[in-house]
Amino acid sequence: LIAIVILGFYLRIYHIDYPVIGYHNNKEVHYLTEARNFAREGFFKYGFFVPALGYPRLHYDPSGAHSDTFPLTSILVALAFMLFGMNLTVARLIGVISITATIPLMYLIVNQIFKREDLAIVSAILTAILPLTVFFSHNVQLINPALLLFTLSLYFFLKWMDENKSYQLILTSFFFVLSGLTKYDFLVMGSPFLLLFPFRRLAKEIKNKRVTVYILSIAVLLLFPAWYFYSNNVVAPRYHTKKIVSVEKVNYLDILNPSGWTLIKSYFADSWTLLGTLFAALGAIIAISNYYKKRKFPEKFVITLFLSAILYFILMFFKIKGHSYHMYPMVPSMIFLITYFIGALSDLGKKLKVEGKGIPYLNFIIILILLAILFSPMQEATNRQFDTQFFGLDVAGNYIKEHKIPGERVMHSSHQAYGVLWHADMKGTRGIPSTVEKMKYAEENLNASWIFMYNWDFAKVMGNKELWNYIKNNYGLKQFAFIQTSKGIQPIYMLFKKGGTFDDSRLNTMLMDKPVQQQDYELTTGKVRLNYINF
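Cut-offs applied
- Residues numbered from 1 in each chain as written.
- Predicted model: local features only at pLDDT ≥ 70, side-chain atom pairs only at ≥ 80, totals over all residues.
- Heavy atoms only, no water.
- Helix = DSSP H or I, 4+ residues; strand = E, 2+ residues; numbered from the N terminus.
- Buried < 20%, exposed > 50% of the residue type's maximum accessible area, 1.4 Å probe, protein only.
- Pairing = 2+ DSSP bridges.
- Axes fitted to C-alpha atoms, helices over the stretch in contact; angles between N-to-C directions.
- Contact = heavy atoms within 4.5 Å.
- Parallel < 35°, antiparallel > 145°, perpendicular 65-115°, else oblique.
- Nonpolar A, V, L, I, M, F, W, Y, C, P; charged D, E, K, R; others polar.

Student: Can you break down the environment of Ala-236 residue by residue, with the values?
Tutor: Turning to its location among the elements, Ala-236 is positioned in helix α12 (residues 223-239). Relative accessible area serves as the criterion here: at 3%, Ala-236 is assigned to the buried category. In this structure the C-alpha to C-alpha distance between Ala-236 and Phe-84, which are 152 residues apart in sequence, comes to 32 Å.

Student: Before we move on, could you go through the sheet that holds strand β6 (residues 488-498) and cite the residues and values that matter?
Tutor: Sheet architecture is open: six strands sit in the order β3-β4-β6-β5-β8-β7, paired in mixed fashion. The sheet is open, and its two edges are formed by β3 (409-412) and β7 (517-523), each paired on a single side. The mean angle between the axes of side-by-side strands here comes to 20°, regardless of whether they run parallel or antiparallel. Pairing between β7 and strand β8 (residues 526-534): seven bridges, direction antiparallel. Within β8, the position partnered with Gln-518 by the bridge is Asn-531.

Student: Report on the environment of Ile-4, specifying residues and quantitative values.
Tutor: Looking at where Ile-4 falls in the secondary structure, it is placed in helix α1 (residues 2-12). Given a relative accessible area of 11%, Ile-4 falls into the buried group. On a C-alpha basis, the gap between Ile-4 and Gln-389 in space is 28 Å, while along the polypeptide they are 385 residues apart. Once residues within four sequence positions are removed from consideration, Ile-4 is found in contact with Ile-103, Ile-121, Ala-124, Ile-125 and Ala-128.

Student: Describe the environment of Val-5, listing the residues and the values that go with them.
Tutor: Mapping Val-5 onto the fold places it in helix α1. Separated by 95 residues in sequence, Val-5 and Thr-100 place their C-alpha atoms 6.5 Å apart. The residues touching Val-5, leaving out its near neighbours within four places in the chain, are Thr-100, Ile-103 and Pro-104.

Student: Explain the packing of α1 against helix α5 (residues 117-129) residue by residue, including any values.
Tutor: α5 packs onto α1 with a crossing angle of 10° between their chain directions and a minimal axis gap of 8 Å. The pairing of α1 with α5 is recorded here as roughly parallel in orientation. Across the interface between the two elements, Ile-4, Leu-7, Gly-8, Leu-11 and Arg-12 of α1 pack against Ile-121, Ala-124, Ile-125, Thr-127, Ala-128 and Ile-129 of α5. Class assignment of the residues belonging to the contact of α1 with α5 gives a composition of eight nonpolar, two polar and one charged.

Printed below as a string of structure tokens:
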């Protein structure tokens, strides 16, 4: 188990100090900038733990203060910044440690359910190598401590079911509600607590007037509506931001829209691989069949987690179709289902006989073979996510940081360009304004005087003739980046500063007159070289 925990930690510290240019750097910058502002301004400048991110919407409060879930990750990272300095390693260690800690927890939970060391070890290995958590534990996000807290709530719930100690139920409530406060999505996965709750025991406790622990546990759960009301009804109006969750956002029928499924296959492949998904589905079928025959608690627990995952997938499909990390609450369910499938085949190996005799250690050989079959596609899925990079966000950000005037802001290409804000250590807008009027508003009211335009925005901005002419007549080109490919030069981004002009027809001539600088980036398959020119 110690070796598996070390493996899980090792897989997660890859690129731990790497620039903020990776897959979903937009979400990472969200919480990094909140943490940076907490560390600099304190936790209560805008209210009780009200976070301020680095890219408020154009007409929102310019401070970036906003309503949100409880900012546990931002608080923990801010404390780490205050203790150890503002660097990416300490920020990312919060998530890495959170998910590494779930490895022994899953081991304990599976052992508690099945009383089997082999299945407990299998679940620990799966937790260690699962692509979704290997990559996103490295990403500064709410989901990592939320998953740890949810797993802790499961563990203490099972211990309470067995031992009926009061503190275990209170801890179950505390860890569950803190998980839900941190990431509301995890509340949807609370159905196992209701489906497995020993209501007969509760009836006896009520009859014997031993209800204090239940009252305390319910009181702990009230922390969620208290924060929800505060965030949506106090913070949101104060800073003119949207409510973090509103009923009208939830589209329960979105799963019926075929267009929403276009990315789901790739998300499943990246999260637990298609083979892992198949194993999980087969595990669910076998668990349902065995429960129908034997009516035992382990199968009931697995089926409950499976049904919870299905319910979550249906209700949260409108979010899952946008980003794979929204499947994080399903992680315990998927690990249990895959573990159950592997255990079922292992048990089948015990029953196989040749000439009336069993084959020694065949059950363990089957486990090793299935894990080995899973490891390669899981490693490939992990590498795909680490290799999704958006080169140059750090180069442009460092340039801005060197040349900026305090109080300036940058208008940037949104999508996956947010990393430039972290490296520039400045606030920015959400996207390049789509009209001249909006750009002038940003310039005059937010002191936005830089434009960072990534290649996916080239056609959109340059195709808007009025906007493009305004930029060319009022902004000077400060940096141009490109990658040399077999097909020629591939432009990556352009960085502009207000003041001066830019003639795009003379770009080639301008490039010829300046020295080319270079920055290398590491992929799992080798290096990529970014070329850039400062003007």
